[in-house]
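# Coordinates in review
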Amino acid sequence: MGKKKRTAISPTRSENYPEWYQQVVRAAELAETSAVRGCMVIKPWGYALWENIKAGLDGMFKATGHVNAYFPLFIPKSFLEKEAEHVEGFAKECAVVTHHRLEEGPDGGLVPAGELEEPLVVRPTSETIIGATYAKWVQSYRDLPILINQWANVVRWEMRTRLFLRTAEFLWQEGHTVHETEAEALEETRKMLDVYETFAESYMAMPVLVGEKTEGERFPGAVSTLCIEAMMQDGKALQAGTSHFLGQNFAKASEIQYQSREGRNEYAWTTSWGVSTRLIGGMIMTHADDDGMVMPPRLAPQHVVLMPVVRDEADRDAVMVYIEEIAEALRSMKVFDRLIEVVVDDRDIKPGEKGWSWVKKGIPIRAEIGQRELDEQSVFMARRDTGEKEGVSRDLFVSEMTKRLELMQADMLERAKAFRKAHSKEIDSMEDFKSFFTMQDEEYPELQGGFAWSHWCDGAACEEKISSELAVTIRLIPFDRDANGSGACVVCGGASVGRVVFAKSY
RNA sequence: CGGGGCGUAGCGCAGUCUGGUAGCGCGGUUGCUUUGGGAGCAAUAGGUCGGGAGUUCGAAUCUCUCCGCCCCGACCA
């Protein structure tokens, strides 16, 4: 075994992190680039993951009193113009529909015809179109609250795209709620952030920090933006979900008014909150390794693969019967309220290639079963996250599967937490701050810094200075900021009531 | 939108400078030998060299033009 260790993904994380990411997406068959610039094809394995994410979140939305609805893909340009900051934030990345017909052109091709009186914008987000609808629905305080979510695609014409992390079109959910009072809307904003936090940690096994964005990082048009931020394996932060308190800004822009209990006309208070297919990118960069994807069992498209190993064709039938018995036993069991999903892979391809294909896809448990196992009434299994391989009795393989998958889920969260802890640091001087973000680890050149917990004076100038000099931004202001002690701003030395989190980001 | 690069087989590329039969690796298919963590040998299929125009006896190669993509900058879930 003097052979050099070969990884399934090349380059490795330490060699070239961004390229490693692209290779994992491809090798795990999660998605690929499409004929349309900046848009992705989400492949069945990746889409199944998204479906599981959807199912989990949707259940949590319903449990907090929300219902689903669907609003149009197209937004009249004039709607977008109603909220000044909102326009400014999104105008540069809007796809615009100007015609409604194609006609044969002079050189045989098709040319747009039938110009629209008013151009339609393909939704980059739906505050304005939903606001216009809500304005009609809301008359009285008795109509409130409105608690609606929609699952949809949106388009943001990005210059630079990366599969799942930033594409021109992506899938997401956007919740849009209307409330009678400011306090209720604030509570809603915070409640949905808590939903996201819970989902990230207990479903995705991805630890997140929660807090509020600075003014500069806020959603265009929002009064405040709350967020969950996760640390990727290169030490960068990923904004994984946001929940916005919109105050009365959009209510005023869309004329969402109601008659109050006192009989006065009042503007309502609104919120919006969303997570997208970007979560998949976060899962990859949290859990995947140099052999490809590692699926957290709770969201894995399938949990277990059983691979027949047949040396002598005469054994085949008996081995297959043995495998089907095991598969059936597993399929009647549950993990995280889902039936355990088992795939029997009897494709006629090389055993090595078959095994590696499942490693790369990140299936939690894979097992090789042949005549030897049949004779011993055992199973030879491997656990994807740790790489541990062992022969276990058939009975234990089956009876402990739920426990095994739950343990794996818990271990993945713990490892991610440990990684974040190892790459987080309280930093109090500009010198240390700079060196933290320019760290050159010979073993891991892509990894620079992580989360720096430093004091900040709340000044936009200090935030901007760090951003332009080091490409480091304030990812969030913790809710319990003052609990970690006051100090001096790491940039200007001014008074700070507590630390905030600085990091490079996606 | 600025600066740089690339379009040749399903994928990755050589060939272009210096014009002369369309190549290599991987993958695919078939057969045989193999099979307990990425097998070997052999045969075989597969291309409008991004599109158009031009120069030439002859263009992947030279010229012009259009199109697309990638990288680096300014913006972003």
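Values in this document were obtained by computation on a predicted structure and should not be read as measured data.

Quick notes on the rules
- Residues numbered from 1 in each chain as written.
- Chains lettered and ligands numbered in written order.
- Predicted model: local features only at pLDDT ≥ 70, side-chain atom pairs only at ≥ 80, totals over all residues.
- Heavy atoms only, no water.
- Phe/Tyr/Trp six-rings, centres within 6.5 Å; stacked < 30°, edge-to-face > 60°.
- Lys NZ or Arg CZ within 6 Å of the ring centre and 35° of its normal.
- Domains from an automatic or database assignment.
- Pairing = 2+ DSSP bridges.
- Helix = DSSP H or I, 4+ residues; strand = E, 2+ residues; numbered from the N terminus.
- Contact = heavy atoms within 4.5 Å.
- Axes fitted to C-alpha atoms, helices over the stretch in contact; angles between N-to-C directions.
- Salt bridge = Lys/Arg side-chain N within 4 Å of Asp/Glu carboxyl O.
- Buried < 20%, exposed > 50% of the residue type's maximum accessible area, 1.4 Å probe, protein only.
- Parallel < 35°, antiparallel > 145°, perpendicular 65-115°, else oblique.
- Left-handed = near helix turned anticlockwise from the far one by under 90°.
- Nonpolar A, V, L, I, M, F, W, Y, C, P; charged D, E, K, R; others polar.
- Near = heavy atom within 4 Å.
- Polar contact = N/O pair within 3.5 Å; in protein donor to acceptor, adjacent residues only side chain to side chain.
- Core = buried A, V, L, I, M, F, W, Y, C linked by side-chain atoms within 4.5 Å.

The next point concerns the packing of aromatic side chains. The tally for this structure, following the rule as stated, stands at 15 aromatic pairs. Counting every residue linked through ring pairs, the aromatic cluster contains Trp50, Phe61, Trp151 and Trp273. Residue placement shows Lys236 over the ring face of Tyr506; its charged tip is 4.8 Å from the ring centre. A cation over an aromatic ring shows up here: Lys361 above the ring of Trp45, its NZ or CZ 4.8 Å from the ring centre.

Each assigned domain of chain A is listed here: domain 1 (17–95 + 123–287), domain 2 (304–418) and domain 3 (425–503). Here domain 2 and domain 3 have C-alpha centroids that lie 45 Å from each other.

Attention shifts here to the sheet that holds strand E10 (residues 224–231). Read across the sheet, 11 strands follow the order E3-E7-E8-E14-E11-E10-E9-E24-E27-E23-E22 without closing on themselves; strand pairing throughout is mixed. What marks the edges here is a single partner per strand, and that holds for strand E3 (67–68) and strand E22 (424–426). Strand direction decides the pairing type here: strand E23 (residues 451–455) and strand E27 (residues 499–503), joined by four bridges, are antiparallel. Along E27, the bridge assignment pairs Trp453 with Val501. Lying over the sheet, helix H2 (residues 44–63) contacts E3, strand E7 (146–155), strand E8 (169–179) and strand E14 (269–276), oriented at roughly 165 degrees with respect to E7.

Turning to the pattern of salt bridges, a few remarks are in order. If you walk through the whole model with that rule in mind, you get 25 salt bridges. One salt bridge in this structure joins Arg475 and Glu217, with 3.5 Å as the shortest N-O distance. Taken together, the residues span a long stretch of sequence, with Arg475 in strand E24 (residues 473–478) and Glu217 in the loop between strand E9 (209–212) and E10 at a distance of 258 residues. Between Arg264 and Glu266 there is a salt bridge, with the nearest N and O atoms lying 3.4 Å from each other. Residue Glu266 is classed as partly exposed on the basis of its relative accessible area of 25%. If you follow the salt bridges from partner to partner, you end up with Lys213, Glu217, Glu229 and Arg475 in one network.

Let us now look at the packing of helix H1 (residues 17–27) against helix H8 (residues 278–287). To describe two helices that pack against each other, one gives the angle between their axes and the distance between the axes. Viewed as axis vectors pointing N to C, H1 and H8 meet at an angle of 115 degrees, and their least axial separation amounts to 11 Å. Taken together, the axes of H1 and H8 are roughly perpendicular relative to one another. Along this stretch, H1 crosses H8, giving a crossing that reads as right-handed. Across the interface between the two elements, Tyr17, Trp20, Tyr21, Val24 and Val25 of H1 pack against Gly281, Ile284 and Met285 of H8. Of the residues belonging to the contact of H1 with H8, the class tally is seven nonpolar, one polar and no charged.

Turning our eyes to something else, we now look at the protein's contact with RNA strand B. In the vicinity of RNA strand B there are 32 residues, among which Ala8, Arg166, Val359, Arg366 and Glu373 approach most closely. In the interface set of RNA strand B, defined as its atoms within 4 Å of the protein, sugar plus phosphate atoms amount to 30%. Between RNA strand B and the protein, one listed contact pairs a sugar or linking oxygen with a side-chain N or O atom of Glu158 at 3.1 Å. Where the surface near RNA strand B is concerned, the elements lending two or more residues are helix H10 (351–361), strand E19 (365–370), helix H11 (371–376) and strand E20 (378–383). In terms of residue count, H10 provides more of the surface near RNA strand B than any other element does, seven residues in total. For the surface near RNA strand B, the per-class residue count stands at nine nonpolar, eight polar and 15 charged.

Of the consecutive residues Leu144 and Pro145, the connecting peptide bond is found in the cis state with omega at -5 degrees. Structurally, the position occupied by Pro145 is in the loop between helix H5 (127–137) and E7. Even without glycine at this site, Asp458 takes up a positive phi of about 75 degrees. Relative to the helices and strands, Asp458 resides in the loop between E23 and helix H15 (460–470). Of note in this structure, Ala471 is not a glycine but carries a positive phi near 60 degrees. Secondary-structure assignment places Ala471 in the loop between H15 and E24.

Here we take up the nonpolar core. Membership of the largest hydrophobic core comes to 56 residues, with the highest contact counts inside it found for Leu30, Ile53, Leu57, Phe164, Phe199 and Ile284. Of all the secondary-structure elements, those providing two or more residues to this core are H1, H2, helix H6 (182–202), E10, strand E11 (237–245), E14, H8 and strand E15 (304–309). A per-element tally of this core places H2 first, with seven residues. Split by domain, the residues of this core number at least three in each of domain 1 (17–95 + 123–287) and domain 2 (304–418). Setting aside anything within four residues of it in sequence, one finds Leu57 in contact with Trp151, Tyr196, Phe199, Val275 and Leu279.

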